[in-house]
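# A structural walkthrough
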Amino acid sequence: MDHINYALSTGQCRATWLDCVRFVHQALPGTGVADVSLEPKTGDLNLKSPVFINAMTGGGGSETLQLNAMLARAAKETGIAMAVGSQMAALKDKNERESYQVVRKENPQGIIFGNLGSEATVEQALEAVEMIEADAFQVHLNVVQELTMPEGDREFRGALERIGRIAEELDVPVIVKETGFGISQEAAEALAGTQVSAIDVSGFGGTNFASIENERRKRKLAYFEDWGIPTAAAIVECRQGFGGTVLASGGLQDAGDLIRAFRLGADATGIAGSFLKHAVSLGETGLIEEIEGLHEDLRMLMTALGARTIEDIRTSPAVISGELLSYLQQRGYETGHFAAPSKN
């Protein structure tokens, strides 16, 4: 539970750059709330909602088991997908398996993502999928977290090749995600050469695992606490470099964040830190109300934009400014199309 407690206490840095996206108001949207569909196009992930509970909890005894059970019940009640945290602990210690398997027990028909790091072998990935009857499988990239972790890995060669083999051998879609530091176009293009189905950009701006790991160090690596690609920029990077499904996460907290992520190119969005805090502070009923409220807010915002589907949001005029505009221009991305009048 250490990582969970640190995540709750350190908070989110709110440096996603999503605030640099401002929609052009449409006084004649020509739609109604009843016209809106929240079902996204996410390829073989088959998501029914554009938001899912992202990975946040792994092995950790009875407290983690209870939290995972609560999250799974909330996911079932609201019809959203859920990812478990890294299952490596359960591969090493079978006593930890129950804290993961409870997710499938509580949500037998739901969409559940398994999870391991890029050091995993094909055999470990297969075992992790079988453990929870996963519908998809996340491979997380966490170089900066490992480097900051006192006992962390210091060797990262061969990760792309291992990911490629896992994507080839698994019978479920494979998602590659960062852990809060973003994925660049260069990395996205490399992943596009594999059978990976989706990328979760997991950008900078949410829970900062460098800060969390620095709490456990005698000599802090402060330079990693401001390291990474902010979520807004990472979405554009991955949309440019990857032709498959792009998922956005990293500091997303409300429907305003989500709809800006969709405009920049995300197909669906994952929330971890914000849902974790609601679960701990408000309990299961409060978390369910929060998710249902998020769905309602999305319908309201989409109606105001005249967007009937998540995909329609991509053509809603929005002005890019500030640090995000400067970053995208320096990276060579054309930005004028974001503000261009809709052709619909």
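Residues numbered from 1 in each chain as written. Predicted model: local features only at pLDDT ≥ 70, side-chain atom pairs only at ≥ 80, totals over all residues. Heavy atoms only, no water.

Attention now moves to the overall build of the chain. Within the chain one finds 14 helices and ten strands. Expressed as lengths along the three principal axes of its C-alpha atoms, the size of the chain is roughly 60 × 40 × 40 Å. Pairs at least 24 apart in sequence give 75% of the contacts found in the chain among residues at least 6 apart. Total accessible area on the chain is roughly 14800 Å²; 48% of this is exposed by carbon and sulfur atoms. Looking at the chain, you have 30 positive and 47 negative side-chain charges, and the mean spots of the two groups are 3 Å apart. (Helix = DSSP H or I, 4+ residues; strand = E, 2+ residues; numbered from the N terminus. Contact = heavy atoms within 4.5 Å. Areas by Shrake-Rupley, 256 points an atom, 1.4 Å probe, with all protein chains shown as cover. Lys, Arg positive; Asp, Glu negative; His and termini not counted. Charge placed at Lys NZ, Arg CZ, Asp CG, Glu CD.)

This brings us to the packing of aromatic side chains. This structure, assessed with the given rule, holds four aromatic pairs. Ring plane angle 65° and centroid distance 5.6 Å describe the contact between Trp17 and Tyr327, whose orientation is recorded as edge-to-face. You can see Trp17 sitting in the loop between helix H1 (2–10) and strand S1 (21–23) and its partner Tyr327 sitting in helix H13 (residues 322–330), a full 310 residues away along the chain. When the centroid spacing of 4.9 Å and the interplanar angle of 65° are considered together, the rings of Tyr223 and Phe224 count as edge-to-face. For Phe224, a relative accessible area of 10% gives the class buried. (Phe/Tyr/Trp six-rings, centres within 6.5 Å; stacked < 30°, edge-to-face > 60°. Buried < 20%, exposed > 50% of the residue type's maximum accessible area, 1.4 Å probe, protein only.)

To continue, consider the pattern of salt bridges. Scanning the entire structure with this criterion turns up 13 salt bridges. Look at the salt bridges and you will find they share partners, linking Arg73, Glu106 and Glu284 into a network. (Salt bridge = Lys/Arg side-chain N within 4 Å of Asp/Glu carboxyl O.)

This part is about the pairing of strand S8 (residues 245–248). Two faces, one strand: in a regular strand the side chains alternate between the faces of the sheet. Residues Thr245 and Leu247 point to one face of S8 and Val246 and Ala248 to the other, with burial holding for every one of them. Bridge count between strand S7 (residues 198–200) and S8: three bridges; the pairing is parallel. Considered in S8, the bridge of Asp200 is made with Leu247. Judged from the two bridges that link them, S8 and strand S9 (residues 268–271) form a sheet pairing that is parallel. Counterpart to Ala248 in the pairing with S9 is Thr269. (Pairing = 2+ DSSP bridges.)

Together, Asp19, Asp254, Glu296 and Asp297 make up a negatively charged patch on the protein surface. Tracing the chain through its elements places Asp19 in the loop between H1 and S1. For Asp19, a relative accessible area of 60% translates into the label exposed. (Patch = residues over 30% accessible without salt bridge, like charges linked within 9 Å, V, L, I, M, F, W, Y side chains within 5 Å.)

Counting buried positions along strand S6 (residues 174–178) yields five of five residues, so the element is predominantly enclosed. Alternating positions in S6 separate into two faces, Val174, Val176 and Glu178 on one and Ile175 and Lys177 on the other, with burial throughout. Where strand S5 (residues 136–141) lies against S6, five bridges are found, and the strand directions are parallel. Of the residues in S6, the one forming a bridge with Leu141 is Glu178. Both S6 and S7 contribute to a ladder of three bridges, which runs parallel. If you follow Ile175 over to S7, its bridge partner there is Ala198. Following the chain from S6 across helix H8 (residues 185–192) to the adjacent parallel S7, one finds a crossover that is right-handed. (Right-handed = clockwise from strand over helix to strand, strands pointing away.)

Trans is the prevailing form of peptide bonds, just as negative phi is the prevailing case for residues other than glycine. Phi at Asn46 is positive, roughly 55°, even though this residue is not glycine. Examined against the element boundaries, Asn46 turns out to sit in the loop between S1 and strand S2 (51–53). Of the residues examined, Asn46 reaches a relative accessible area of 46% and is grouped as partly exposed. Positioned with a positive phi, Glu133 is a non-glycine residue whose angle comes to about 50°. Structurally, Glu133 is set in the loop between helix H5 (122–132) and S5. The exposure class of Glu133 is exposed, given its relative accessible area of 55%.

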